[in-house]
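Analysis of the macromolecular model
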Amino acid sequence: MSGPITSKGLRLFVDYRACTGCRMCEVACSISKEGVINPEVSRIRVYSFPPEIEIPVFCHVCDDPKPCVAACPQKPPAIFVDEKTGVLKVDEERCLGFECAKCAKACPAKAIRFHPQKNYALVCDLCNLNPACIGFCSALSFASGTHPGQCFAKPPELIADQLKKSMYFTVKTSGET
C-alpha cells in the first residue's frame, strides 16, 4: 500500500523559450483558485521583457531554507510548509499582507504577491498536486525534478537577461571580424 501523494520531488517547470505570453496560465489559476478571470489573483504571473520575452513567475518551492517562511514575523509563520504535500500554504487569517510583505521581499523568484481585496499573500500551492495552469500551457510541466528548487528561484529580470543572451547574442570565435 502506498503512502499519501506528496510534492516532494515534484515541481512546476517552465520552458521559457516556449512561453508565448498568452497568459492562459494566469486565467486558469485565477479561475481555479478564486472562481473568476482575474490575473491579479493568480498565483502565477507572466512578466514581459523586450524583445518579446515572456517569463512566467511562480513559487519554485525552494529547498531549505525557505526564505519566505523565515521572513514571516508571525509566530507560527502565516506562510508555512504543508506537512502532507511539502508545498507552501498561507494562513489567510494570520497573514499581515501589504503592511508586512516580508515574505515577498525575501522570495528570490519574486513570486509572492498579495490579494488586492483580501490582503493576504498569494503563493502557488500546486493546486493540491494537480496544477490547473499546466492543462492550458505547453510551456509548463509538472514533474519530478533532479535540481534543487533554489537554482530556479531567480528574479524574472535575471532570467530574461540570461535568455536574451542565449537567444540574441553570439560569441565571436577567433578569426571572425
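Overview of the structure.

Reading the values: rules and limits
Each chain carries its own residue numbering, running from 1 in the written order of its sequence. Selection of residues for local features in this predicted model requires a pLDDT of at least 70, selection of side-chain atom pairs for listing and counting requires 80 or more, and totals for whole chains, interfaces and linings are taken over all residues. Heavy atoms throughout the structure, all of them, feed into the side-chain values; hydrogens and water do not. Secondary structure elements follow DSSP: runs of H or I of four or more residues count as helices, runs of E of two or more count as strands, with numbering from the N terminus. Working definition: with a 1.4 Å probe on protein chains only, accessible area under 20% of the residue-type maximum means buried, over 50% means exposed, and in between means partly exposed. Here, two residues are considered to be in contact whenever any of their heavy atoms come within 4.5 Å of each other. Exposure was quantified through the Shrake-Rupley algorithm and a 1.4 Å probe, taking into account, for residues, occlusion by the shown protein chains and nothing else. Within this scheme a cavity is a closed region of a 1 Å grid, computed over the protein atoms alone, that accommodates a 1.4 Å probe without allowing it to escape, whereas a pocket is open but has protein on both sides within 12 Å along at least five of seven lines; lining residues each have an atom within 4 Å of a point. Grid points are joined across faces, edges and corners, and a volume is the space filled by probe spheres set on the points. In this classification, Asp, Glu, Lys and Arg are treated as charged, Ala, Val, Leu, Ile, Met, Phe, Trp, Tyr, Cys and Pro as nonpolar, and every other residue, Gly included, as polar. Throughout, disulfides are identified as pairs of cysteine sulfur atoms within 2.5 Å of each other. What is meant by a nonpolar core is a set of buried Ala, Val, Leu, Ile, Met, Phe, Trp, Tyr and Cys residues, joined one to another through side-chain atoms within 4.5 Å. Only strands joined by at least two bridges in the DSSP assignment are considered to pair.

A few words now on the overall build of the chain. Along its length, the chain carries four helices and eight strands. Counting all 177 residues of the chain, 45% fall into the buried class. When contacts within the chain are restricted to residue pairs at least 6 apart in sequence, those whose partners lie at least 24 apart make up 63%. Accessible surface, the chain: about 9,900 Å² in total, of which carbon and sulfur atoms supply 57%.

Before going further, it helps to spend a moment on the layout of surface pockets. Each pocket or cavity is described by its volume, and for the largest pocket that value is around 180 Å³. For the largest pocket, the lining is made up of 13 residues, of which Arg43, Val90, Glu92, Val123 and Asp125 are closest to its centre. For the lining of the largest pocket, the elements supplying multiple residues, two or more each, are helix H1 (24–34), strand S5 (88–90) and strand S7 (121–122). A per-element tally of the lining of the largest pocket places S5 first, with three residues. A per-class count over the lining of the largest pocket returns six nonpolar, no polar and seven charged.

Inspection of every chain in the model, using the stated rule, returns zero disulfides. Here Cys62 stays unpaired: no disulfide links it, and the sulfur of Cys107, its closest cysteine neighbor, is 6.3 Å away. Residue Cys62 is classed as buried on the basis of its relative accessible area of 11%. You can see Cys95 has no disulfide; the closest cysteine sulfur is in Cys103, sitting 5.7 Å from it.

This paragraph deals with H1. By the burial criterion, the buried members of H1 are Cys25, Glu26, Val27, Ala28, Cys29 and Ser30. The inward-facing, buried residues of H1 abut strand S2 (45–49) and strand S8 (140–144). Gly35 sits one or two residues past H1 and shows a positive phi near 75°.

This next bit is on unusual backbone geometry. The step from Pro50 to Pro51 runs through a cis peptide bond, and the omega angle for that step is -5°. Tracing the backbone shows Pro51 in the loop between S2 and strand S3 (53–57). The amide bond that connects Lys75 to the next residue, Pro76, takes the cis arrangement and shows omega of -10°. Among the structural elements, Pro76 can be located in the loop between helix H2 (67–71) and strand S4 (79–81). One non-glycine residue, Lys110, adopts positive backbone phi at about 60°. By the element assignment, Lys110 lies in the loop between helix H3 (102–106) and strand S6 (113–114). Residue class for Lys110 comes out partly exposed when judged on its relative accessible area of 41%. Of note, Leu129 is a non-glycine position whose phi angle comes to about 70°, a positive value. By the secondary structure assignment, Leu129 is in the loop between S7 and S8.

With that settled, consider the nonpolar core. Core analysis: the biggest nonpolar cluster contains 48 residues, and Ile55, Ile79, Ile112, Ala121, Val123 and Leu140 have the highest contact counts within it. Excluding anything up to four places from it in sequence, Leu140 contacts Phe13, Val14, Cys25, Ile44, Phe58, Cys133 and Ile134.

What follows deals with the pairing of strand S1 (residues 10–14). The side chains of a regular strand alternate between the sheet's two faces. Burial analysis of S1 places four of its five residues in the buried class, the great majority of the element. Relative to S8, S1 runs antiparallel, the two sharing five bridges. Its bridge partner lying in S8, Arg11 is registered against Ala143.

Spatial relationships are all this shows, so hold off on functional conclusions.
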